[in-house]
Amino acid sequence: MSFDVNVILAQLPAILSGAGVTLLLWIAGTIGGATVGFLVAVGRRYGGRILGWPLGLAVEVLRGTPFLIQIFLLYYGGPFIGLALDPVPAGLLGLTIYGAAYFSEIFRAGFAAVPRGHIEAAECVGLSPSQIVRRILLPEMTVLVLPPAINMAVILMKETAILSIITVPELTLTVSAIGSQQYAFVESLFLLAVFYWVLVEVTDKLGRYAEHRLSRYRFSPT
Amino acid sequence: MTLPAIAVRNLVKRYGDTAVLHGIDLDIPPGQVSCLIGPSGSGKSTLLRCMAFLEEATSGVITVDGEDLGFSESPSGQRERIPPATNRAIRSRIGMVFQQFNLWPHMTALGNVSEALRTVHKMSRTDAEARAMAQLVKVGLEARAGHYPAQLSGGQQQRVAIARALALKPKIMLFDEPTSSLDPELTGEVLNVMRDLAAEGMTMVVVSHEIGFAATVGSRISFLDQGRLLFSGPPSEVFGKPRHPRLEQFLDTYLDRGASMLA
(Lines give C-alpha, C1' and ligand atoms only; values in the text may rest on other atoms or scores of the structure.)
Protein backbone atom coordinates (compact mmCIF):
# COMPACT_ATOMS: atom_id res chain seq x y z
CA MET A 1 0.00 0.00 0.00
CA SER A 2 1.39 3.37 -1.01
CA PHE A 3 0.30 6.98 -0.76
CA ASP A 4 -0.73 8.06 -4.25
CA VAL A 5 -3.13 10.98 -4.73
CA ASN A 6 -3.20 10.38 -8.49
CA VAL A 7 -5.66 7.57 -7.91
CA ILE A 8 -8.14 10.22 -6.81
CA LEU A 9 -7.08 13.00 -9.17
CA ALA A 10 -7.67 10.69 -12.12
CA GLN A 11 -11.40 11.30 -11.58
CA LEU A 12 -11.07 15.07 -11.99
CA PRO A 13 -14.43 15.76 -13.68
CA ALA A 14 -16.31 14.22 -10.76
CA ILE A 15 -14.19 16.15 -8.27
CA LEU A 16 -14.78 19.41 -10.11
CA SER A 17 -18.50 18.78 -10.14
CA GLY A 18 -18.39 18.18 -6.37
CA ALA A 19 -16.31 21.32 -5.89
CA GLY A 20 -18.86 23.25 -7.93
CA VAL A 21 -21.70 22.11 -5.69
CA THR A 22 -19.67 23.01 -2.59
CA LEU A 23 -18.88 26.48 -3.92
CA LEU A 24 -22.44 27.10 -4.96
CA LEU A 25 -23.89 25.96 -1.64
CA TRP A 26 -21.32 27.97 0.24
CA ILE A 27 -21.85 31.20 -1.68
CA ALA A 28 -25.64 30.89 -1.72
CA GLY A 29 -25.70 29.83 1.94
CA THR A 30 -23.47 32.72 2.98
CA ILE A 31 -25.47 35.32 1.06
CA GLY A 32 -28.74 33.79 2.26
CA GLY A 33 -27.52 33.50 5.84
CA ALA A 34 -26.19 37.06 5.88
CA THR A 35 -29.42 38.41 4.40
CA VAL A 36 -31.72 36.53 6.76
CA GLY A 37 -29.36 37.25 9.64
CA PHE A 38 -29.49 40.95 8.85
CA LEU A 39 -33.30 40.90 8.78
CA VAL A 40 -33.33 39.04 12.11
CA ALA A 41 -30.98 41.62 13.63
CA VAL A 42 -33.21 44.44 12.34
CA GLY A 43 -36.28 42.63 13.69
CA ARG A 44 -34.71 42.22 17.09
CA ARG A 45 -33.60 45.85 17.18
CA TYR A 46 -36.74 47.56 15.92
CA GLY A 47 -39.44 44.91 16.21
CA GLY A 48 -40.23 45.36 19.88
CA ARG A 49 -40.96 42.45 22.20
CA ILE A 50 -43.45 40.66 19.97
CA LEU A 51 -40.84 40.12 17.27
CA GLY A 52 -37.73 40.30 19.39
CA TRP A 53 -38.50 37.53 21.83
CA PRO A 54 -39.25 34.66 19.38
CA LEU A 55 -36.35 35.71 17.14
CA GLY A 56 -34.02 35.76 20.14
CA LEU A 57 -35.17 32.30 21.17
CA ALA A 58 -34.70 30.91 17.65
CA VAL A 59 -31.18 32.32 17.48
CA GLU A 60 -30.32 30.81 20.85
CA VAL A 61 -31.63 27.36 19.90
CA LEU A 62 -29.78 27.40 16.57
CA ARG A 63 -26.54 28.51 18.18
CA GLY A 64 -26.96 25.99 20.95
CA THR A 65 -27.33 22.86 18.84
CA PRO A 66 -24.83 21.15 16.51
CA PHE A 67 -25.22 21.75 12.78
CA LEU A 68 -25.09 17.99 12.25
CA ILE A 69 -28.22 17.49 14.35
CA GLN A 70 -30.00 20.43 12.71
CA ILE A 71 -29.38 19.11 9.23
CA PHE A 72 -30.49 15.57 10.21
CA LEU A 73 -33.68 16.95 11.74
CA LEU A 74 -34.40 19.09 8.69
CA TYR A 75 -33.80 16.34 6.16
CA TYR A 76 -35.20 13.29 7.95
CA GLY A 77 -37.64 15.06 10.26
CA GLY A 78 -38.91 17.57 7.68
CA PRO A 79 -41.25 15.09 5.92
CA PHE A 80 -43.18 14.61 9.21
CA ILE A 81 -44.28 18.25 9.02
CA GLY A 82 -44.77 18.16 5.26
CA LEU A 83 -41.34 19.52 4.40
CA ALA A 84 -39.89 16.85 2.13
CA LEU A 85 -36.88 18.39 0.41
CA ASP A 86 -34.27 17.00 -1.93
CA PRO A 87 -30.73 16.89 -0.51
CA VAL A 88 -29.46 20.08 -2.22
CA PRO A 89 -32.39 22.36 -1.29
CA ALA A 90 -32.42 20.87 2.22
CA GLY A 91 -28.68 21.50 2.53
CA LEU A 92 -29.01 25.06 1.29
CA LEU A 93 -31.90 25.79 3.63
CA GLY A 94 -30.08 24.27 6.57
CA LEU A 95 -26.90 26.22 5.84
CA THR A 96 -28.88 29.45 5.45
CA ILE A 97 -30.75 29.03 8.73
CA TYR A 98 -27.62 28.03 10.63
CA GLY A 99 -25.62 30.90 9.12
CA ALA A 100 -28.45 33.36 9.76
CA ALA A 101 -28.35 32.67 13.50
CA TYR A 102 -24.66 33.59 13.71
CA PHE A 103 -24.82 36.43 11.21
CA SER A 104 -27.70 37.99 13.16
CA GLU A 105 -25.48 38.12 16.24
CA ILE A 106 -22.68 39.71 14.21
CA PHE A 107 -25.05 42.37 12.89
CA ARG A 108 -26.59 42.91 16.32
CA ALA A 109 -23.14 43.65 17.71
CA GLY A 110 -22.46 45.84 14.66
CA PHE A 111 -25.57 47.94 15.27
CA ALA A 112 -24.65 48.32 18.91
CA ALA A 113 -21.08 49.36 18.04
CA VAL A 114 -22.11 52.41 16.01
CA PRO A 115 -21.77 55.26 18.52
CA ARG A 116 -25.07 56.75 19.64
CA GLY A 117 -23.65 60.22 18.97
CA HIS A 118 -23.28 59.52 15.24
CA ILE A 119 -27.00 58.85 15.08
CA GLU A 120 -27.82 61.89 17.20
CA ALA A 121 -25.72 64.06 14.87
CA ALA A 122 -27.76 62.75 11.94
CA GLU A 123 -31.04 63.46 13.77
CA CYS A 124 -29.85 66.99 14.46
CA VAL A 125 -29.24 67.76 10.79
CA GLY A 126 -32.70 66.44 9.93
CA LEU A 127 -32.15 62.94 8.52
CA SER A 128 -35.27 60.78 8.79
CA PRO A 129 -35.06 57.40 10.57
CA SER A 130 -34.83 55.49 7.27
CA GLN A 131 -32.17 57.87 5.94
CA ILE A 132 -30.19 57.33 9.14
CA VAL A 133 -30.27 53.56 8.63
CA ARG A 134 -29.27 53.85 4.97
CA ARG A 135 -26.71 56.62 5.10
CA ILE A 136 -25.15 56.23 8.56
CA LEU A 137 -25.89 52.93 10.33
CA LEU A 138 -25.39 50.53 7.43
CA PRO A 139 -22.15 51.96 6.04
CA GLU A 140 -20.60 52.36 9.49
CA MET A 141 -21.70 48.89 10.50
CA THR A 142 -20.26 47.31 7.35
CA VAL A 143 -16.76 48.37 8.31
CA LEU A 144 -17.23 47.07 11.85
CA VAL A 145 -18.76 43.69 10.98
CA LEU A 146 -16.49 42.82 8.07
CA PRO A 147 -13.85 40.85 10.04
CA PRO A 148 -16.34 38.67 12.00
CA ALA A 149 -18.52 38.25 8.89
CA ILE A 150 -15.57 36.90 6.89
CA ASN A 151 -14.77 34.59 9.75
CA MET A 152 -18.34 33.32 9.67
CA ALA A 153 -18.15 32.79 5.90
CA VAL A 154 -15.02 30.67 6.45
CA ILE A 155 -16.83 28.58 9.07
CA LEU A 156 -19.79 28.07 6.71
CA MET A 157 -17.42 26.94 3.96
CA LYS A 158 -16.20 24.14 6.19
CA GLU A 159 -19.69 23.28 7.42
CA THR A 160 -20.73 22.44 3.85
CA ALA A 161 -18.76 19.18 4.34
CA ILE A 162 -21.39 18.10 6.87
CA LEU A 163 -24.02 18.19 4.13
CA SER A 164 -22.43 14.99 2.74
CA ILE A 165 -24.33 13.03 5.38
CA ILE A 166 -27.66 13.91 3.77
CA THR A 167 -26.18 12.85 0.40
CA VAL A 168 -25.65 16.33 -1.05
CA PRO A 169 -23.26 15.60 -3.96
CA GLU A 170 -20.70 18.12 -2.77
CA LEU A 171 -16.95 17.79 -2.58
CA THR A 172 -16.61 15.70 0.58
CA LEU A 173 -19.18 13.15 -0.55
CA THR A 174 -17.69 12.94 -4.05
CA VAL A 175 -14.05 12.61 -3.02
CA SER A 176 -14.65 10.19 -0.17
CA ALA A 177 -16.76 8.02 -2.48
CA ILE A 178 -13.88 7.86 -4.93
CA GLY A 179 -11.59 7.08 -2.01
CA SER A 180 -13.76 4.15 -0.94
CA GLN A 181 -13.95 2.75 -4.45
CA GLN A 182 -10.19 2.97 -4.90
CA TYR A 183 -9.30 1.97 -1.34
CA ALA A 184 -7.49 5.33 -1.10
CA PHE A 185 -9.04 6.69 2.10
CA VAL A 186 -6.07 8.66 3.38
CA GLU A 187 -5.41 10.20 -0.04
CA SER A 188 -9.01 11.36 -0.34
CA LEU A 189 -9.04 12.89 3.13
CA PHE A 190 -5.69 14.55 2.48
CA LEU A 191 -6.92 16.10 -0.76
CA LEU A 192 -10.09 17.31 0.93
CA ALA A 193 -8.11 19.02 3.66
CA VAL A 194 -5.89 20.72 1.07
CA PHE A 195 -8.87 21.84 -0.98
CA TYR A 196 -10.76 23.38 1.94
CA TRP A 197 -7.63 25.00 3.27
CA VAL A 198 -6.83 26.65 -0.08
CA LEU A 199 -10.37 27.97 -0.37
CA VAL A 200 -10.28 29.35 3.15
CA GLU A 201 -6.93 31.02 2.49
CA VAL A 202 -8.27 32.69 -0.66
CA THR A 203 -11.36 33.87 1.19
CA ASP A 204 -9.22 35.22 4.01
CA LYS A 205 -6.93 37.11 1.65
CA LEU A 206 -9.90 38.68 -0.12
CA GLY A 207 -11.35 39.61 3.25
CA ARG A 208 -8.07 41.18 4.41
CA TYR A 209 -7.92 43.19 1.22
CA ALA A 210 -11.47 44.47 1.74
CA GLU A 211 -10.68 45.32 5.36
CA HIS A 212 -7.61 47.21 4.28
CA ARG A 213 -9.57 49.17 1.69
CA LEU A 214 -12.20 50.10 4.26
CA SER A 215 -9.80 50.83 7.11
CA ARG A 216 -9.53 54.54 6.34
CA TYR A 217 -13.24 54.88 7.11
CA ARG A 218 -12.65 53.76 10.66
CA PHE A 219 -12.83 56.53 13.18
CA SER A 220 -9.79 57.25 15.25
CA PRO A 221 -9.89 55.73 18.73
CA THR A 222 -9.62 59.14 20.47
CA MET B 1 -39.08 92.89 24.82
CA THR B 2 -38.01 90.82 21.85
CA LEU B 3 -39.15 87.23 21.52
CA PRO B 4 -36.54 84.86 22.93
CA ALA B 5 -34.87 82.53 20.40
CA ILE B 6 -35.50 79.68 22.81
CA ALA B 7 -37.72 79.83 25.86
CA VAL B 8 -37.61 77.11 28.49
CA ARG B 9 -40.56 76.95 30.87
CA ASN B 10 -40.70 74.87 34.03
CA LEU B 11 -38.66 72.09 32.43
CA VAL B 12 -38.45 68.88 34.42
CA LYS B 13 -36.38 65.88 33.37
CA ARG B 14 -36.49 62.66 35.34
CA TYR B 15 -34.75 59.34 34.76
CA GLY B 16 -36.92 56.97 36.74
CA ASP B 17 -37.02 58.39 40.25
CA THR B 18 -34.01 60.62 39.78
CA ALA B 19 -34.78 64.17 38.74
CA VAL B 20 -31.90 65.80 36.87
CA LEU B 21 -33.73 69.05 36.06
CA HIS B 22 -36.10 70.51 38.63
CA GLY B 23 -38.25 72.99 36.72
CA ILE B 24 -35.89 75.18 34.71
CA ASP B 25 -36.99 78.58 33.37
CA LEU B 26 -34.61 80.19 30.92
CA ASP B 27 -34.77 82.61 27.99
CA ILE B 28 -32.14 82.52 25.26
CA PRO B 29 -32.02 86.02 23.75
CA PRO B 30 -31.46 86.17 19.98
CA GLY B 31 -28.08 87.28 18.61
CA GLN B 32 -26.26 86.68 21.87
CA VAL B 33 -24.03 84.05 23.42
CA SER B 34 -25.61 82.35 26.41
CA CYS B 35 -23.29 80.19 28.47
CA LEU B 36 -24.40 77.41 30.78
CA ILE B 37 -21.87 76.69 33.47
CA GLY B 38 -21.87 74.53 36.55
CA PRO B 39 -20.28 71.48 38.10
CA SER B 40 -20.49 68.00 36.55
CA GLY B 41 -23.89 66.47 37.03
CA SER B 42 -25.57 69.85 37.41
CA GLY B 43 -27.82 69.13 34.44
CA LYS B 44 -26.40 71.69 32.02
CA SER B 45 -25.75 69.17 29.25
CA THR B 46 -29.18 67.59 29.78
CA LEU B 47 -30.78 71.02 29.49
CA LEU B 48 -28.90 71.68 26.24
CA ARG B 49 -29.83 68.25 24.88
CA CYS B 50 -33.47 68.98 25.65
CA MET B 51 -33.16 72.17 23.57
CA ALA B 52 -31.85 70.01 20.69
CA PHE B 53 -34.67 67.52 21.36
CA LEU B 54 -32.12 64.76 21.87
CA GLU B 55 -33.73 64.24 25.27
CA GLU B 56 -37.45 64.39 25.85
CA ALA B 57 -38.35 66.40 28.92
CA THR B 58 -40.66 64.81 31.48
CA SER B 59 -42.73 67.96 31.71
CA GLY B 60 -42.47 71.61 30.81
CA VAL B 61 -42.20 73.37 27.49
CA ILE B 62 -39.45 74.53 25.17
CA THR B 63 -40.34 76.98 22.43
CA VAL B 64 -38.18 77.99 19.47
CA ASP B 65 -39.16 81.42 18.08
CA GLY B 66 -42.43 80.98 19.94
CA GLU B 67 -43.22 77.53 18.48
CA ASP B 68 -43.37 74.46 20.69
CA LEU B 69 -40.54 71.96 20.31
CA GLY B 70 -41.37 68.29 20.71
CA PHE B 71 -44.42 68.67 22.92
CA SER B 72 -47.09 71.23 23.52
CA GLU B 73 -48.66 71.54 26.93
CA SER B 74 -52.16 72.74 27.66
CA PRO B 75 -52.77 74.92 30.75
CA SER B 76 -54.10 71.82 32.52
CA GLY B 77 -50.73 70.08 31.98
CA GLN B 78 -51.87 67.77 29.17
CA ARG B 79 -48.86 67.00 26.95
CA GLU B 80 -49.24 66.41 23.27
CA ARG B 81 -46.53 65.32 20.85
CA ILE B 82 -45.77 67.61 17.91
CA PRO B 83 -46.08 65.71 14.57
CA PRO B 84 -42.61 64.45 13.45
CA ALA B 85 -42.46 66.43 10.19
CA THR B 86 -43.41 69.70 11.93
CA ASN B 87 -40.97 68.96 14.71
CA ARG B 88 -38.15 68.26 12.26
CA ALA B 89 -38.79 71.63 10.64
CA ILE B 90 -38.56 73.37 14.01
CA ARG B 91 -35.45 71.38 14.93
CA SER B 92 -33.80 72.35 11.65
CA ARG B 93 -33.47 75.92 12.96
CA ILE B 94 -31.09 74.57 15.57
CA GLY B 95 -27.52 73.41 14.95
CA MET B 96 -25.78 71.15 17.43
CA VAL B 97 -22.10 70.61 18.18
CA PHE B 98 -21.06 67.70 20.41
CA GLN B 99 -18.19 67.07 22.78
CA GLN B 100 -17.25 63.95 20.82
CA PHE B 101 -17.55 65.72 17.40
CA ASN B 102 -19.61 62.81 16.07
CA LEU B 103 -18.45 63.10 12.50
CA TRP B 104 -19.46 60.19 10.31
CA PRO B 105 -16.26 58.22 9.78
CA HIS B 106 -17.16 56.85 6.35
CA MET B 107 -17.49 60.29 4.78
CA THR B 108 -14.87 62.91 4.01
CA ALA B 109 -15.01 66.32 5.68
CA LEU B 110 -16.82 67.61 2.60
CA GLY B 111 -19.15 64.61 2.66
CA ASN B 112 -20.01 65.21 6.31
CA VAL B 113 -20.87 68.85 5.66
CA SER B 114 -22.83 68.24 2.44
CA GLU B 115 -24.71 65.09 3.56
CA ALA B 116 -27.87 66.71 4.93
CA LEU B 117 -27.96 69.25 2.08
CA ARG B 118 -28.21 66.35 -0.32
CA THR B 119 -30.36 63.81 1.54
CA VAL B 120 -32.64 66.17 3.46
CA HIS B 121 -32.72 69.27 1.28
CA LYS B 122 -32.36 67.38 -2.02
CA MET B 123 -29.74 69.75 -3.37
CA SER B 124 -27.68 68.59 -6.34
CA ARG B 125 -24.24 67.27 -5.57
CA THR B 126 -22.59 70.31 -7.16
CA ASP B 127 -24.68 72.84 -5.24
CA ALA B 128 -24.41 70.95 -1.94
CA GLU B 129 -20.65 70.61 -2.23
CA ALA B 130 -20.24 74.27 -3.18
CA ARG B 131 -22.17 75.32 -0.08
CA ALA B 132 -20.32 72.79 2.07
CA MET B 133 -16.98 74.04 0.74
CA ALA B 134 -17.93 77.62 1.63
CA GLN B 135 -18.50 76.47 5.22
CA LEU B 136 -15.18 74.63 5.31
CA VAL B 137 -13.47 77.82 4.12
CA LYS B 138 -15.15 79.63 6.95
CA VAL B 139 -13.67 77.29 9.56
CA GLY B 140 -10.30 77.35 7.74
CA LEU B 141 -10.35 73.75 6.53
CA GLU B 142 -10.81 73.98 2.76
CA ALA B 143 -7.48 72.19 2.34
CA ARG B 144 -8.80 69.23 4.35
CA ALA B 145 -12.08 68.79 2.44
CA GLY B 146 -11.09 65.38 1.06
CA HIS B 147 -9.82 64.00 4.36
CA TYR B 148 -11.64 61.42 6.42
CA PRO B 149 -12.28 62.15 10.13
CA ALA B 150 -9.62 59.62 11.15
CA GLN B 151 -7.07 61.72 9.25
CA LEU B 152 -7.95 64.94 11.09
CA SER B 153 -6.90 66.24 14.50
CA GLY B 154 -9.53 66.64 17.19
CA GLY B 155 -9.63 70.40 16.67
CA GLN B 156 -10.05 69.97 12.92
CA GLN B 157 -12.80 67.40 13.45
CA GLN B 158 -14.67 69.79 15.72
CA ARG B 159 -14.35 72.60 13.17
CA VAL B 160 -15.76 70.28 10.49
CA ALA B 161 -18.61 69.46 12.89
CA ILE B 162 -19.30 73.18 13.31
CA ALA B 163 -19.25 73.61 9.52
CA ARG B 164 -21.67 70.68 9.20
CA ALA B 165 -24.14 72.40 11.51
CA LEU B 166 -23.67 75.83 9.90
CA ALA B 167 -24.22 74.50 6.37
CA LEU B 168 -27.92 74.14 7.17
CA LYS B 169 -28.10 77.85 8.05
CA PRO B 170 -29.46 77.38 11.57
CA LYS B 171 -30.74 80.37 13.53
CA ILE B 172 -29.41 79.00 16.79
CA MET B 173 -26.24 77.01 17.52
CA LEU B 174 -25.94 74.76 20.55
CA PHE B 175 -22.51 73.68 21.78
CA ASP B 176 -22.20 70.81 24.26
CA GLU B 177 -18.76 71.07 25.84
CA PRO B 178 -17.21 71.56 22.40
CA THR B 179 -13.63 71.68 23.66
CA SER B 180 -13.69 69.23 26.55
CA SER B 181 -11.96 66.45 24.63
CA LEU B 182 -9.28 68.71 23.14
CA ASP B 183 -5.87 69.76 24.39
CA PRO B 184 -5.32 73.50 25.07
CA GLU B 185 -3.80 74.26 21.68
CA LEU B 186 -6.63 72.62 19.74
CA THR B 187 -9.14 74.19 22.13
CA GLY B 188 -7.87 77.58 20.99
CA GLU B 189 -8.60 76.97 17.30
CA VAL B 190 -12.14 75.84 18.06
CA LEU B 191 -12.83 78.76 20.40
CA ASN B 192 -11.59 81.14 17.69
CA VAL B 193 -14.15 79.77 15.25
CA MET B 194 -16.82 80.19 17.92
CA ARG B 195 -15.69 83.77 18.61
CA ASP B 196 -16.02 84.60 14.91
CA LEU B 197 -19.47 83.13 14.91
CA ALA B 198 -20.47 85.17 17.95
CA ALA B 199 -19.12 88.31 16.30
CA GLU B 200 -21.43 87.67 13.34
CA GLY B 201 -24.38 87.79 15.68
CA MET B 202 -25.23 84.08 15.78
CA THR B 203 -27.49 83.06 18.62
CA MET B 204 -25.42 80.59 20.63
CA VAL B 205 -25.93 78.45 23.70
CA VAL B 206 -22.66 77.07 25.01
CA VAL B 207 -22.18 74.49 27.74
CA SER B 208 -18.53 74.80 28.64
CA HIS B 209 -15.90 74.47 31.27
CA GLU B 210 -14.01 77.26 29.51
CA ILE B 211 -14.81 79.91 32.11
CA GLY B 212 -12.48 82.32 30.30
CA PHE B 213 -14.47 81.97 27.09
CA ALA B 214 -17.74 82.37 28.97
CA ALA B 215 -16.50 85.52 30.69
CA THR B 216 -15.14 87.18 27.57
CA VAL B 217 -17.52 86.07 24.81
CA GLY B 218 -20.69 85.24 26.74
CA SER B 219 -23.39 87.88 27.00
CA ARG B 220 -25.34 85.90 29.56
CA ILE B 221 -24.08 83.38 32.08
CA SER B 222 -26.41 80.86 33.68
CA PHE B 223 -25.16 78.84 36.62
CA LEU B 224 -26.71 75.46 37.26
CA ASP B 225 -26.26 73.30 40.31
CA GLN B 226 -27.98 70.00 41.08
CA GLY B 227 -30.59 70.46 38.39
CA ARG B 228 -31.54 73.99 39.41
CA LEU B 229 -30.79 77.27 37.71
CA LEU B 230 -29.24 79.23 40.58
CA PHE B 231 -28.92 82.50 38.71
CA SER B 232 -28.50 84.12 35.31
CA GLY B 233 -26.99 87.41 34.29
CA PRO B 234 -24.36 89.26 32.29
CA PRO B 235 -20.76 88.16 33.04
CA SER B 236 -19.93 91.38 34.88
CA GLU B 237 -22.75 90.71 37.29
CA VAL B 238 -22.23 86.96 37.68
CA PHE B 239 -18.45 87.06 38.01
CA GLY B 240 -18.31 90.49 39.69
CA LYS B 241 -18.24 90.67 43.45
CA PRO B 242 -20.04 89.88 45.64
CA ARG B 243 -20.56 86.43 44.21
CA HIS B 244 -23.01 83.75 45.10
CA PRO B 245 -21.22 81.43 47.57
CA ARG B 246 -21.87 78.34 45.44
CA LEU B 247 -20.33 80.04 42.40
CA GLU B 248 -17.39 81.20 44.52
CA GLN B 249 -16.77 77.62 45.56
CA PHE B 250 -17.10 76.45 41.94
CA LEU B 251 -14.69 79.09 40.63
CA ASP B 252 -12.11 78.23 43.28
CA THR B 253 -11.50 74.99 41.44
CA TYR B 254 -10.68 77.00 38.31
CA LEU B 255 -8.17 79.41 39.78
CA ASP B 256 -5.28 77.32 38.63
CA ARG B 257 -6.80 76.73 35.25
CA GLY B 258 -6.74 80.01 33.39
CA ALA B 259 -9.62 81.70 35.14
CA SER B 260 -7.29 83.45 37.56
CA MET B 261 -8.11 86.72 35.86
CA LEU B 262 -11.49 86.55 37.55
CA ALA B 263 -10.07 86.23 41.05
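Residues numbered from 1 in each chain as written. Chains lettered and ligands numbered in written order. Predicted model: local features only at pLDDT ≥ 70, side-chain atom pairs only at ≥ 80, totals over all residues. Heavy atoms only, no water.

## Focus on the layout of surface pockets
Summary: where empty space remains is shown by rolling a probe the size of a single water molecule over the atoms.
Item 1. Approximately 480 Å³ is the volume attributed to the largest pocket.
Item 2. What lines the largest pocket is a set of 20 residues, and nearest its centre among them are Glu123(A), Pro129(A), Ile132(A), Arg88(B) and Arg91(B).
Item 3. The set of elements that each furnish at least two residues to the lining of the largest pocket consists of α2 (12-46), α6 (116-124) and α7 (129-159) of chain A together with α2 (84-91) of chain B.
Item 4. Grouping the amino acids of the lining of the largest pocket by side-chain chemistry returns 11 nonpolar, three polar and six charged.
Item 5. Roughly 270 Å³ of volume is contained in the second largest pocket.
Item 6. As for the second largest pocket, its lining consists of 13 residues, of which Leu146(A), Ala149(A), Ile150(A), Ala153(A) and Gly207(A) are closest to the centre.
Item 7. For the lining of the second largest pocket, the secondary structure elements donating two or more residues are α7 and α9 (185-214) of chain A.
Item 8. In terms of residues, the lining of the second largest pocket owes the most to one element, α7(A), which gives six residues.
Item 9. Looking at side-chain class alone, the lining of the second largest pocket contains 10 nonpolar, three polar and no charged residues. (1 Å grid on protein atoms, 1.4 Å probe; cavity = no way out; pocket = protein on both sides within 12 Å on 5 of 7 lines; lining within 4 Å. Points joined across faces, edges and corners; volume = space filled by probe spheres on them. Helix = DSSP H or I, 4+ residues; strand = E, 2+ residues; numbered from the N terminus. Nonpolar A, V, L, I, M, F, W, Y, C, P; charged D, E, K, R; others polar.)

## A closer look at the sheet that holds strand β8 (residues 94-97) of chain B
All names here are of chain B.
Item 1. Spatially, β8-β9-β10-β3-β11-β12 is the arrangement adopted by the six strands of the open sheet, whose pairing is mixed. Strands with a single pairing partner mark the edges of an open sheet, and in this sheet they are β8 and β12 (228-233). When the angles between neighbouring strand axes are averaged without regard to direction, this sheet yields 15 degrees.
Item 2. Where strand β3 (residues 33-37) lies against strand β11 (residues 220-225), four bridges are found, and the strand directions are parallel. Bridged to cysteine 35 within β11 is isoleucine 221.
Item 3. Here helix α1 (residues 44-51) sits on the sheet in contact with β3, β8, β9 (172-176), β10 (203-207) and β11, set at roughly 150 degrees to β9. (Pairing = 2+ DSSP bridges. Axes fitted to C-alpha atoms, helices over the stretch in contact; angles between N-to-C directions. Contact = heavy atoms within 4.5 Å.)

## Observations concerning the packing of helix α8 (residues 171-182) of chain A against α9(A)
Residue and element names in this part refer to chain A.
Item 1. Contact geometry of α8 with α9 gives a least axis separation of 8 Å together with a crossing angle of 155 degrees. One way to sum up the angle between α8 and α9 is to call them roughly antiparallel. Considering how the two elements wind past one another, α8 and α9 form a crossing that is right-handed. When α8 is examined against α9, the residues Leu171, Thr172, Val175, Ser176, Gly179 and Ser180 are found in contact with a partner set consisting of Phe185, Ser188, Leu192, Phe195 and Tyr196.
Item 2. The residue makeup of the contact of α8 with α9, split by class, is six nonpolar, five polar and no charged. (Parallel < 35°, antiparallel > 145°, perpendicular 65-115°, else oblique. Left-handed = near helix turned anticlockwise from the far one by under 90°.)

## Notes on the sheet that holds strand β1 (residues 6-15) of chain B
Residue and element names in this part refer to chain B.
Item 1. In space, the four strands of this open sheet follow the order β2-β1-β4-β5, with antiparallel pairing throughout. Of all the strands in the sheet, just β2 (18-28) and β5 (67-68) have a single pairing partner and so form its edges.
Item 2. Sheet topology note: the strand β4 (residues 59-64)/β5 ladder contains two bridges and is antiparallel. Bridge assignment links threonine 63 to a residue of β5, and that residue is aspartate 68.
Item 3. Strands β1, β2 and β4 of the sheet are contacted by α1, whose axis makes an angle of about 60 degrees with β2.

## A short note on the nonpolar core
Item 1. With 133 residues, the main nonpolar core has Leu47(B), Met51(B), Leu136(B), Met173(B), Leu174(B) and Met204(B) as its most contacted residues.
Item 2. Among the elements that make up this core, the one with the highest residue count is α7(A) (11 residues).
Item 3. Residues in contact with Met51(B), not counting those within four places in the same chain, are Ile6(B), Val8(B), Leu26(B), Ile28(B), Ile62(B), Leu69(B), Ile94(B), Leu174(B) and Val205(B). (Core = buried A, V, L, I, M, F, W, Y, C linked by side-chain atoms within 4.5 Å. Buried < 20%, exposed > 50% of the residue type's maximum accessible area, 1.4 Å probe, protein only.)

## Structural notes on the confidence of the model for chain B
Item 1. On average, residues of chain B score 89 in pLDDT, and 96% of them reach the 70 mark or higher.
Item 2. Confidence, read as mean pLDDT per element, is least for helix α9 (residues 245-252) of chain B in chain B (84) and greatest for β9(B) (96). (pLDDT = per-residue confidence, 0-100.)

## Comments concerning the packing of aromatic side chains
Residue and element names in this part refer to chain A.
Item 1. Counted by the stated rule, this structure contains 13 aromatic pairs over all chains.
Item 2. A ring pair is formed by phenylalanine 103 and phenylalanine 107, whose centres lie 6.3 Å apart and whose planes are at 25 degrees; its orientation type is stacked. Linking phenylalanine 103 with phenylalanine 107, this pair stays in helix α5 (residues 87-113), spanning four residues, or about one helical turn. Each of the two residues, phenylalanine 103 as well as phenylalanine 107, counts as buried.
Item 3. Ring centres of phenylalanine 195 and tyrosine 196 lie 6.0 Å apart, and the angle between their planes is 85 degrees; on these two criteria the pair is classed as edge-to-face. (Phe/Tyr/Trp six-rings, centres within 6.5 Å; stacked < 30°, edge-to-face > 60°.)

## Focus: empty space enclosed by the protein
All names here are of chain B.
Item 1. Counted by the stated rule, this structure contains one cavity of 30 Å³ or more.
Item 2. Considered as a void within the structure, the largest cavity measures approximately 80 Å³ in volume.
Item 3. Ranked by residue count, the leading element in the lining of the largest cavity is β4, at three residues.
Item 4. Looking at the lining of the largest cavity residue by residue, the class counts come to eight nonpolar, one polar and three charged.

## Focus: the confidence of the model for chain A
Item 1. Per-residue confidence for chain A averages 88 on the pLDDT scale, and 96% of its residues sit at or above 70.
Item 2. The lowest-confidence element of chain A is helix α1 (residues 6-9) of chain A, averaging 78 in pLDDT; the highest-confidence one is α6(A), averaging 94.

## Things to note about the interface of chain A and chain B
Item 1. The interface is formed by 22 residues belonging to chain A together with 23 residues belonging to chain B.
Item 2. Between chain A and chain B, the buried area comes to about 2,100 Å², and carbon and sulfur atoms account for 59% of it.
Item 3. Taken together, chain A and chain B are joined by three salt bridges.
Item 4. Residues Glu115(B) and Arg135(A) are paired through a salt bridge, measuring 2.7 Å at the closest nitrogen-oxygen approach.
Item 5. On inspection of chain A and its partner chain B, the count reaches six residue pairs in polar contact (both at pLDDT 80 or more).
Item 6. Of all the secondary structure elements, the ones that give two or more residues to the side of chain A that touches chain B are α6 and α7 of chain A.
Item 7. The greatest single-element share of the side of chain A that touches chain B, amounting to seven residues, is contributed by α6(A).
Item 8. Across the side of chain A that touches chain B, the residue classes tally to 10 nonpolar, six polar and six charged. (Buried area = accessible area lost by both parts, 1.4 Å probe. Salt bridge = Lys/Arg side-chain N within 4 Å of Asp/Glu carboxyl O. Polar contact = N/O pair within 3.5 Å; in protein donor to acceptor, adjacent residues only side chain to side chain.)

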